[in-house]
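Fold and geometry: a report
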Amino acid sequence: MSGLLTLLIFLLLGSLLQTLLHLPVPASIVGMLLLLLALILRGKTPDNLQRITQTLSPLLPLFLIPVSVGIITQKQLLAEHGPALLVILALSLIPGALVSALIMRKGGKSGS
Amino acid sequence: MTHLFSLPLFWAALTIASFLAGQQLYRRLGNNAFIPPILTGVVLVVTCLELSGVSYQTYMRGGDYLNQMLGPVVVMLAVPLYQFIHTMRKQWLRIVLAVTLGSGTTVACAVLLAHFWIGDDAITRTIYTKSITTPVALAISEQVGGINALASAFVIITGILGALMIPSLLKLLRMDDPQAVGLTLGICAHAIGTSRALELGPQQSAYAAMAMTLTATLHALVLPWIV
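Residues numbered from 1 in each chain as written. Chains lettered and ligands numbered in written order. Predicted model: local features only at pLDDT ≥ 70, side-chain atom pairs only at ≥ 80, totals over all residues.

1. Quick word on the overall build of chain B
A count of helices and strands for chain B gives twelve helices and zero strands. Listed by position from the N terminus, the elements making up chain B come as α-α-α-α-α-α-α-α-α-α-α-α. For chain B, whose C-alpha radius of gyration is 18 Å, the value lies close to the compact-globule estimate of 17 Å for 227 residues. Each of the three principal axes of chain B carries a C-alpha extent, and together these read 60 × 40 × 35 Å. Within the span of chain B, comprising 227 residues, buried residues form 52% of the whole. (Helix = DSSP H or I, 4+ residues; strand = E, 2+ residues; numbered from the N terminus. Rg over C-alpha atoms; globule rule 2.2 N^0.38 Å. Buried ≥ 20, exposed ≤ 12 C-beta atoms within 10 Å, placed from the backbone.)

2. A short note on the interface of chain B and chain A
Tallying the contact residues gives 85 residues for chain B and 58 residues for chain A. Broken down by element, the side of chain B that touches chain A gets its largest block of residues, 15 residues, from helix H10 (residues 148-172) of chain B. For the side of chain B that touches chain A, the per-class residue count stands at 61 nonpolar, 19 polar and five charged. (Contact = placed C-beta atoms within 7 Å. Nonpolar A, V, L, I, M, F, W, Y, C, P; charged D, E, K, R; others polar.)

3. Looking at the packing of helix H2 (residues 27-42) of chain A against helix H6 (residues 78-87) of chain B
Following both chains from N to C, one finds H2 of chain A and H6 of chain B inclined at 45°, their axes separated by 9 Å at the closest point. Between H2 of chain A and H6 of chain B, the interaxial angle falls into the category oblique. Crossing handedness for the pair H2 of chain A and H6 of chain B: right-handed. Only Ala78, Leu81 and Tyr82 of chain B of H6 of chain B make contact with H2 of chain A, whose side of the interface consists of Met32, Leu35, Leu36, Leu39 and Ile40 of chain A. The class makeup of the residues in the contact of H2 of chain A with H6 of chain B is eight nonpolar, no polar and no charged. (Axes fitted to C-alpha atoms, helices over the stretch in contact; angles between N-to-C directions. Parallel < 35°, antiparallel > 145°, perpendicular 65-115°, else oblique. Left-handed = near helix turned anticlockwise from the far one by under 90°.)

4. Considering the domain arrangement of chain B
All names here are of chain B. Under the domain assignment used here, chain B contains domain 1 (2-68) and domain 2 (76-226). Each of domain 1 and domain 2 has a C-alpha centre, and the two are 25 Å apart. The interface of domain 1 with domain 2 comprises six residues on the first partner and eight residues on the second. Across the side of domain 1 that touches domain 2, the residue classes tally to five nonpolar, one polar and no charged. (Domains from an automatic or database assignment.)

5. Focus on the environment of glycine 3 of chain A
Residue and element names in this part refer to chain A. Take glycine 3: it is sitting in helix H1 (residues 2-21). Judged by C-beta crowding, with 21 C-beta atoms within 10 Å, glycine 3 ranks as buried. With 13 residues separating them in the primary sequence, glycine 3 and leucine 16 have C-alpha atoms 20 Å apart. Once you skip the residues sitting within four places of it in the chain, glycine 3 turns out to touch Asn48, Leu49, Arg51 and Ile52.

6. Some details on the packing of helix H4 (residues 60-69) of chain A against helix H3 (residues 37-52) of chain B
Closest axis-to-axis distance for the H4 of chain A/H3 of chain B pair is 9 Å, and the angle between their directions is 45°. Taken as axis vectors, H4 of chain A and H3 of chain B run oblique relative to one another. Along this stretch, H4 of chain A crosses H3 of chain B, giving a crossing that reads as right-handed. Contacts from Pro61, Leu64, Ile65, Ser68 and Val69 of chain A of H4 of chain A reach H3 of chain B at Pro37, Ile38, Gly41, Val42, Val45 and Val46 of chain B. Looking at the contact of H4 of chain A with H3 of chain B residue by residue, the class counts come to nine nonpolar, two polar and no charged.

7. Remarks on unusual backbone geometry
All names here are of chain B. In this structure, arginine 174 takes a positive phi of about 55° despite not being glycine. For arginine 174, the position within the fold is in the loop between H10 and helix H11 (178-200). Arginine 174 gets classed as exposed once you count the C-beta atoms within 10 Å, which come to 8.

Written as structure tokens, this is what we have:
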């Protein structure tokens, strides 16, 4: 539980900082960067954070279901643009995949 | 029955049950990346709502119990990110370049296509977030004025398409060394691509997880300023 408390405290800190500095970045991301900074300064991941990560990670898709179900409020939009959107999402993957695969290949296999 | 349907707790319980059913199906089919538990879960909940005639607003009073966990989960991403920073030090420049340019290219293509083909401002704003893992995509979509429900659908569909297309595409072009495949899956197909990478091998899966987290962080920092 102390791991969860840490996450909540960093989320609150992120929210506070976002409001104070009028950042356009989401509060949870600000909190994540603060926690990353704290981990870098500390030099290792504390056990309680390690444990909460192992507990929460497999549950991530569960937390995403409620928003995803909201798709039922967008029926009209999907009926109108659904096929076009599907084509756009499929086509746009190809150039992106080629660019990142090319960059990873260029410069040899030093890391492998 | 009507009374039961009006209870928030009923819908929270139903969501958990649907997720568990999705997980079971996923395992039964040998961890097939094309049927992620979230997809089955969403389909089951949507079916129940359609059959019972309950509105999304009513459902969400229960769904929100689970939804509230997204904030801490995004903060939690700092833990794997920190571990990647440690292990991938030697290749960081190439990895950062691949993540920045690769994810930038796929998002730019999608945004341009959506802008000129569909021309709906809210859709264009939403499609910016298509290659980021869902919890982060939702946080950003809210920030830039996109449609949250749609953002989630774009991300899931992109993930399934990417998991389907990327390994075969790279193999066809003979660019399928493990690191390139893993990184590309993580950049373009986030969590679903990462679970596909897990089937391909340990190196692919480590690179995919890293690429997914880096892409999400990068986009979270950049998109709110440019959209």
